[in-house]
Amino acid sequence: MKKGFSFLILFVLISLSAVGADSYWFRTFTNVWKKSERPHFLEGRISAAVLDSLDAIYKETPQYYTFYEENGRLFAQVSCSFHLYELQGDSFVDKYQDYNRGYTCASHSFNREGTHYLLGGQGYWSNHVDLLSFDEFNGTWELQITKNQPRDYFSFFVYQNSTGIVSLLGEITNKRYGLDVKDTKGYILDWKTKEWKELEIVIEGLDLNDLAARELIHFVQTQDYAFWASTNGLENFGWTLIEKETGKIFHYPNMNVDMGIAPYLEIVGNVLSYPAPSGQLKTLDLDEVRKKSKEVGYIQIKQAAAFGSNYTWGFFLFFTVVAVGWVVAKKVLPKRKKEIEQDPQIKKGEPFELVLAYSGKLLTTEALDQILGIDELTNFDSKRMKRARMVKDINEKYFDQAGKELIVRFKKPEDKRYVFYKIQA
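The present account deals with the structure reproduced in this document. Being a predicted model, the structure only gives us computed values, none of them experimental.

### Points about the side chain of T146
Here is step 1: Structurally, T146 is set in the loop between β11 (140-144) and β12 (153-154).
Here is step 2: Assessed through its relative accessible area of 11%, T146 is described here as buried.
Here is step 3: A polar side-chain atom of T146 sits 3.1 Å from a polar atom in the side chain of W196.
Here is step 4: Leaving out residues up to four positions away in the same chain, T146 has contacts with L131, L189, K194 and W196.

Rendered as structure tokens:
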């Protein structure tokens, strides 16, 4: 798996536990916690015997364990799985009683309004940011439909505030379509409307493309802050705090990342406890770090540009674009369509059967659109989305029959500006 161990290597520590006073959270990895030689963790709530019992289950397939509290009950979610354990005394009860198909590696587990959730995941073929809720009565995870959900998107940098779930600087990955790009934007899932909205991220003097590379960055959420710690040396980025409710970003010039490489990490409120490489127990109070930090940026919902004082210029630009579009539509597009229609190989019929007839051919986007019957769509984005869905459906159907995809997206090495589609029946 290309990114299967990126979570382990970076030790990106992410918590989405409920927002409130004295929140409790703990994460460790199979057997790694034993290096501390401590008899218990999280103020005595988690004993070594409890962790031993989890290690016994995952001895052959080591995993991360994420503990969080909800209404006085302590739960543990296991990475890359749907298992949700409730700690009862010194034993675990697995609340998950179903068999869901899918992938949840690196999913963010959290509790909100008395319900357990999983957000997003990484798989070998693609990423996703699906929202799953846990039905305790039936012991199963259920998909929650959200609006405007980013496709093929996932991020390690996720935190929760009173408005919703914030996701920053993720990546868009889908090997089926050759997608593997960093995303310099952010998103928030508005909890009231269940709609994803785009965020603007600004940090003074920092190119977000450099930050999106995510090199040498550790991340953790506390009660009031999202906290980045890094040794990458970027401007205004070392110990970086995001106030979860205001979106203000603060920087403290320190590049110590002991909390990111420690075998375990405890969080109570805004205080982190973890062992240094020497074994000495360290604490870090983020409230104190915030007092000594400088405000360097912000995160806010991206707003559409208003006309304001530039109304006249905007009005002129709008009609210029409309006029150019009209010329293109009247002169260029009909000519291109005529060229496609003159291709004797392109016929009308069922898309799946017609595509099969082009085995070994390399089709242009326009030719494929006509075969799929979507060439009459005028909206570029609608056509692109429709094409992607139809190609996916056809490939899934052919994969069931032949064990491979029928349509493969392709760019010629000599000119990568244009996309072609190879038909490989």
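### Focus on the packing of aromatic side chains
Here is step 1: Taken as a whole and judged by the stated rule, the model has 23 aromatic pairs.
Here is step 2: Relative to W228, the ring of F157 lies with its centre 5.6 Å away and its plane at 80°, an arrangement referred to as edge-to-face. Taken as a pair, F157 in strand β13 (residues 157-160) and W228 in strand β20 (residues 225-230) lie far apart in primary sequence, 71 residues in all. Across the pair, W228 and F157 agree in class, each one buried.

### Details of the pattern of salt bridges
Here is step 1: Applying the stated criterion across every chain yields a total of 14 salt bridges.
Here is step 2: For R290, the salt bridge goes to E243, with nearest N and O atoms at 2.9 Å. Of the two residues, R290 sits in helix α5 (residues 286-291) while E243 sits in strand β21 (residues 239-243), which places them 47 residues apart along the sequence.
Here is step 3: Here R290 falls in the partly exposed class, since its relative accessible area comes to 24%.
Here is step 4: Beyond isolated ion pairs, a larger network of salt bridges with shared partners links R73, E86, K95 and E136.

### What to know about the environment of T30
Here is step 1: Note on placement: T30 falls in the loop between β1 (24-29) and β2 (40-41).
Here is step 2: By relative accessible area, T30 is classed as buried at 5%.
Here is step 3: Separated by 29 residues in sequence, T30 and K59 have C-alpha atoms that sit 7.4 Å apart.
Here is step 4: Among all residues touching T30, those that are not within four sequence positions of it are D55, Y58, P62, Q63 and Y65.
Here is step 5: Within the structure, T30 has its side chain in polar contact with the backbone nitrogen of Q63 (distance 2.9 Å).

### As for the environment of L406
Here is step 1: Tracing the chain through its elements places L406 in the loop between α9 (380-402) and β28 (407-412).
Here is step 2: Spatially, the C-alpha atoms of L406 and S359 are 8.5 Å apart, while their sequence positions differ by 47 residues.
Here is step 3: When residues no more than four places from it in sequence are discounted, the contact partners of L406 are F352, V355, L356, I394, N395, Y398, K422, I423, Q424 and A425.

### Observations regarding the pairing of strand β8 (residues 108-112)
Each regular strand shows side chains that alternate between the opposite faces of the sheet.
Here is step 1: With five of five residues buried, β8 is to be regarded as a mostly interior element.
Here is step 2: Residues H108, F110 and R112 point to one face of β8 and S109 and N111 to the other, with burial holding for every one of them.
Here is step 3: A loop of two residues connects β8 with strand β9 (residues 115-122), the two strands running antiparallel in sequence, and E113 in this loop sits at a positive phi of about 55°.

Criteria and cut-off values
Residues numbered from 1 in each chain as written. Predicted model: local features only at pLDDT ≥ 70, side-chain atom pairs only at ≥ 80, totals over all residues. Heavy atoms only, no water. Helix = DSSP H or I, 4+ residues; strand = E, 2+ residues; numbered from the N terminus. Buried < 20%, exposed > 50% of the residue type's maximum accessible area, 1.4 Å probe, protein only. Polar contact = N/O pair within 3.5 Å; in protein donor to acceptor, adjacent residues only side chain to side chain. Contact = heavy atoms within 4.5 Å. Phe/Tyr/Trp six-rings, centres within 6.5 Å; stacked < 30°, edge-to-face > 60°. Salt bridge = Lys/Arg side-chain N within 4 Å of Asp/Glu carboxyl O. Pairing = 2+ DSSP bridges.

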